[in-house]
Amino acid sequence: MLELKNVSVSAKDNSVEIVNNVNLSLEKKKIYVITGPNGGGKTSLAKAIMGIYPVSGGEIYLNGEDITGKSISERALLGIGYAFQSPPRFKGLFVRDLLSIAADDKNESKLFSLLADVGLCAQDYIDRELNASFSGGELKRVEIASILARTLKVALFDEPEAGIDLWSFQKLTETFKKLNETSDTTIVIISHQERILRLADNVILICNGKIADITEPDKILGDIDYFTEPGCYCPNCFARK
Amino acid sequence: MLDSIDKKLLKEVADLHEIPQGAYNIRKNGEKLSRNTTANIDIVTKEDKPGIDIIVKPGTKNESVHIPVILSATMDDLVYNTFEIGEDADVIIVAGCGIHNNTGEDSGHDGVHEFFIRRGAKVKYIEKHFGDGDGSGKRTLNPTTIMNIEEGATAELELVQIKGVDNTKRDTVVRLEKDAKLIVSERLLTYFDQTAESIITVELLGSNSSAQVISRSVAQNDSKQIFHLNMRGHTECRGHIQCDSIIMHNAEVSAIPEITALSEGAELVHEAAIGRIASEQLTKLMCLGLNEQEAEETILQGFLA
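Since this is a predicted model, take the numbers as computed values, not measurements. (Residues numbered from 1 in each chain as written. Chains lettered and ligands numbered in written order. Predicted model: local features only at pLDDT ≥ 70, side-chain atom pairs only at ≥ 80, totals over all residues. Heavy atoms only, no water.)

(A) Representation of the side chain of Glu 159 of chain A in the model. Residues and elements named next belong to chain A. Checked against the element boundaries, Glu 159 lands in the loop between strand S7 (154-158) and helix H7 (166-182). One buried charge, Glu 159, has no salt-bridge partner; the nearest side chain with opposite charge is Lys 42, at 5.3 Å. Among the polar contacts made by the side chain of Glu 159, one reaches the side chain of His 192 at a distance of 3.4 Å. Apart from residues no more than four positions distant in its own chain, Glu 159 is found in contact with Gln 85, Lys 140, Ile 190 and His 192. (Helix = DSSP H or I, 4+ residues; strand = E, 2+ residues; numbered from the N terminus. Buried < 20%, exposed > 50% of the residue type's maximum accessible area, 1.4 Å probe, protein only. Lys, Arg positive; Asp, Glu negative; His and termini not counted. Salt bridge = Lys/Arg side-chain N within 4 Å of Asp/Glu carboxyl O. Polar contact = N/O pair within 3.5 Å; in protein donor to acceptor, adjacent residues only side chain to side chain. Contact = heavy atoms within 4.5 Å.)

If you want it as structure tokens, here you go:
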């Protein structure tokens, strides 16, 4: 289980708290979708869990162990993974290299199946350099494959659908379901897409750095008035609902 | 006989663990150590100056020539090698030089390689440079490569300097005739106070000739690198030069790409980029469990591979 206690993340210049006093308990074998308005703190929260952003306050526990002071690498080795919203390109690093670094099982057949899981033809992609020749969508799918390659306690996916075509999107939702069915991984997906939201056991609504609501997908998707507060998504507005 | 130092140098510069099969000429400390020729590939000692002529018969296929130079004594070695690659031949040439210097005196090798690649021939030329030893004396390697590629012929050059060379000045000149093709891949690492200068000049003389030159380098510590990549299109042709460098610590890198079109049919492109390792790249690999040093090594190894 992943537990956040009063977690805050400050901007680099300490001028503002991007994530403000967040408390969360995330259970294993569940899918959580984090959604909310742009700039609300979703990615910052995920990066704080991964250790990419330091917390300015609070603690993070993984299965009861305080990991707040641990590095990115240490958290990765403890079983946390993070798929970037905009993954970096590498000159000289190939798809095979990246997946081999990530994969617990480095057999070629396993690497091929990882690419198939994200809708990429392994024969065409396994020996391609992760450079500028990759489209954003292709790169994104390799990024997701690099997370699926690992046996994780917590898998964080930051807007995995962004830049991905409709056909691959369908494949992606099936892949998340399969991961959920075949592992105990806590899956956390940052998304705005209805089809992703529908995968969730719980939807976590974040705005202005705070958790505004934790609810079921049907409440958000079935209630036409949920987002109708005119032009304002602040916690106070959500609290009035 | 090869001693352990020789074997290490040969492994580094020519991937050789023992005396190779096929044609070869091993030069050690300015002298011929060992040579073998085949029915299709002859190697002849020059009479007017130090060096050899490598003659590949027309139509020779799937053969290789190894001509490594190893220096384990302190000296300034100079060699002129000429390669005559017959029409429609298809061969791999593995050159390279390794210097082991355990003294306080400087040691160096200057090699001038001139190629005549005849019509329709294909050559892959691999040149690796390596320095070793605990001595404070400098290890210097200054290769000059002059390549003439005739109609419909292809040359692929893999030029690698990864470790231990204190100073280098590379000068490569390639002339391409009609339908000739050139691919150059240069990889260079410098560290401590090493210096490296690479000048690559490509003359696209014949119609429909094409060239691609990609140079990648990593400069660490207080080392200095300069790249002059020049491409001149004299007729209808295509050319691309690219110079990418990762700079670290207090190093200095200059990349000076130059393209000159002397015909409206010339399509030439140059790109040059110098920068440190992107933090996003490090973070991505650390998210997969590598520590920062492992992530950095992985990025640099891939970049220079």
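Still more to cover.
(B) The arrangement of the interface of chain B and chain A in detail. The interface of chain B with chain A comprises 19 residues on the first partner and 23 residues on the second. Of the roughly 1600 Å² buried between chain B and chain A on both sides combined, carbon and sulfur atoms contribute 69%. Between chain B and chain A we count 3 salt bridges in total. One salt bridge in this structure joins Lys 91 of chain A and Asp 244 of chain B, with 2.8 Å as the shortest N-O distance. Joining chain B to chain A, the criterion identifies 7 residue pairs in polar contact (both at pLDDT 80 or more). When contributions to the side of chain B that touches chain A are tallied by element, the ones reaching two or more residues are strand S19 (237-247), helix H2 (279-286) and helix H3 (292-304) of chain B. Per element, the largest residue contribution to the side of chain B that touches chain A is 6 residues, and it comes from H2 of chain B. Grouping the constituent residues of the side of chain B that touches chain A by class yields 7 nonpolar, 7 polar and 5 charged. (Buried area = accessible area lost by both parts, 1.4 Å probe. Nonpolar A, V, L, I, M, F, W, Y, C, P; charged D, E, K, R; others polar.)

(C) View of the packing of aromatic side chains. What the rule picks out here adds up to 7 aromatic pairs over all chains. Relative to Phe 192 of chain B, the ring of Tyr 191 of chain B has its centre 5.0 Å away and its plane inclined at 75°; by these criteria the two rings are edge-to-face. One aromatic cluster is present, built from ring pairs that chain together Phe 83, Phe 115 and Tyr 125 of chain B. Lying across the ring of Phe 134 of chain A, Arg 128 of chain A places its NZ or CZ 4.2 Å from the centre. Stacked on the ring of Tyr 80 of chain B, the Lys or Arg Lys 49 of chain B has its end atom at 4.7 Å from the ring centre. (Phe/Tyr/Trp six-rings, centres within 6.5 Å; stacked < 30°, edge-to-face > 60°. Lys NZ or Arg CZ within 6 Å of the ring centre and 35° of its normal.)

Just geometry here; none of it tells us what the structure is for.
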